[in-house]
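Listed below are the residues making up each chain.
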Amino acid sequence: MTHELLMQIIYQGIGVIALILSALSFQFKTVKKILLVQGTGSIFWCVHFLLGGAYAACIMNALCVIRSIAYIFITNKKARWAFTGVICALFIGAGVLSVLQFNELWFIAVLTGSASIAGNIFFSLENERIYKYVQLGYISPCWMFNNIWYMSIGGILCESFNIVSVIVYIIRTRIKKKANKSEELKSGQD
């Protein structure tokens with residue numbers, strides 16, 4: 001087995017572990033547990049992208065580890081929003097650093113950085129419906145581009161999972177809303 005093949009197997013294997021942790025985070029109900037599992041997954045994504053030479057994605061995920069840990073302990077809304085501003089500024093700095101220091105392609109840095117900023121801001125709004133639409137329309141497509149560019153099997157599968165789960169969420173909530181309207185109409189007729 002060549003060194004390159006071994007590194008590719010390790011690279012993809014760590015991505016699959018990160019995928020599993022990311023998917024597992026959907027199984028928890030409390031925000032603290034979700035953030036703990038997502039933060040752990042971000043550690044694996046960070047290592048995965050470092051091995052793949054995706055420096056912007058690596059740094060963005062390192063910041064996501066910090067964000068997850070901080071959000072576990074920051075419960076005050078004003079303090080959380082202040083930290084959200086700080087972490088967004090760090091995402092911008094990480095994008096610039098990855099281009100200037102690590103010769104990352106500028107459009108990759110812009111996509112991963114802006115997706116990280118959008119995710120951070122819309123997560124902080126604590127409005128699941130809005131976050132899901134932003135995930136579907138912007139965050140996942142940006143990360144999908146990065147994952148395809150760097151041939152990250154785990155990343156491609158993870159974003160595919162995210163896209164499908166958001167579509168299922170949208171369909172499920174629309175069906176539920178339609179059923180509730182039907183119930184209201186029936187109640188109003190009686």
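As a reminder, the structure under discussion sits directly above these lines.
Here the residue numbering is sequential within each chain, running from 1 through the sequence in written order. Predicted model: local features are reported for residues with pLDDT of at least 70 only, side-chain atom pairs are reported and counted for 80 or more only, and whole-chain, interface and lining totals are derived from all residues. With hydrogens and water excluded, all non-hydrogen atoms of the structure serve as input to the side-chain values.

**Q** What should I look at first to understand the overall build of the protein chain in this one?
**A** Secondary structure elements are defined from DSSP: runs of H or I of at least 4 residues count as helices, runs of E of at least 2 residues count as strands, and each element is numbered from the N terminus. Within the protein chain, the secondary structure is distributed over 7 helices and 0 strands. If you list the helices and strands of the protein chain from N to C, you get α-α-α-α-α-α-α. Principal axes of the C-alpha set define a box for the protein chain whose edges measure 75 × 40 × 30 Å. For the exposure calls, accessible area comes from a 1.4 Å probe over protein chains only, and a residue counts as buried if that area is under 20% of its type's maximum, exposed if over 50%, partly exposed in between. Taken over 190 residues, the protein chain has a buried fraction of 41%. Across the protein chain, every contact between residues at least 6 apart in sequence was considered, and the portion connecting residues at least 24 apart equals 67%. Here the protein chain displays about 11100 Å² of accessible surface, and carbon together with sulfur accounts for 70% of that area. For this analysis, residues touch if any pair of their heavy atoms sits within 4.5 Å. For the area figures, the Shrake-Rupley method with a 1.4 Å probe applies, and any residue is considered shielded solely by the protein chains shown.

**Q** Explain the pattern of salt bridges here, please?
**A** A side chain with one charge may pair with a side chain of the opposite charge, provided their charged atoms come close. Within this document, salt bridges are pairs made up of a side-chain nitrogen of Lys or Arg and a carboxyl oxygen of Asp or Glu, the two lying within 4 Å of each other. Evaluation of the coordinates by the stated rule reveals 2 salt bridges. Two residues, Glu 126 and Lys 77, come together in a salt bridge whose shortest N-O distance is 3.6 Å. Taken together, the residues Glu 126 in the loop between helix H5 (106-124) and helix H6 (128-149) and Lys 77 in helix H4 (residues 77-100) connect sequence positions 49 residues apart. The exposed category is assigned to Lys 77, whose relative accessible area is 57%.

**Q** What is the right way to look at the packing of aromatic side chains in this model?
**A** The geometry of an aromatic ring pair is captured by the separation of the ring centres together with the interplanar angle, meaning the angle of the planes. Between 30 and 60 degrees the pair is tilted, below 30 it is stacked and above 60 it is edge-to-face, where a pair is any two Phe, Tyr or Trp rings, Trp via its six-membered ring, whose centres lie within 6.5 Å. Considering all chains together, one arrives at 10 aromatic pairs under this definition. Here the aromatic rings of Phe 145 and Trp 149 are separated by 6.0 Å at their centres, their planes lie at 20°, and the arrangement is stacked. In this pair, Phe 145 and Trp 149 both sit in helix H6, 4 residues apart, roughly one turn of the helix. Note on Trp 149: relative accessible area 44%, which makes it partly exposed. Through pairs of rings, three or more aromatic residues link up here, namely Tyr 71, Phe 83, Phe 123 and Tyr 131. Throughout this description, the term charge over a ring refers to an Arg CZ or Lys NZ atom that lies within 6 Å of the ring centre and within 35 degrees of the ring normal. Directly above the aromatic system of Tyr 169 lies the positively charged group of Lys 132, at a separation of 5.2 Å from the ring centroid.

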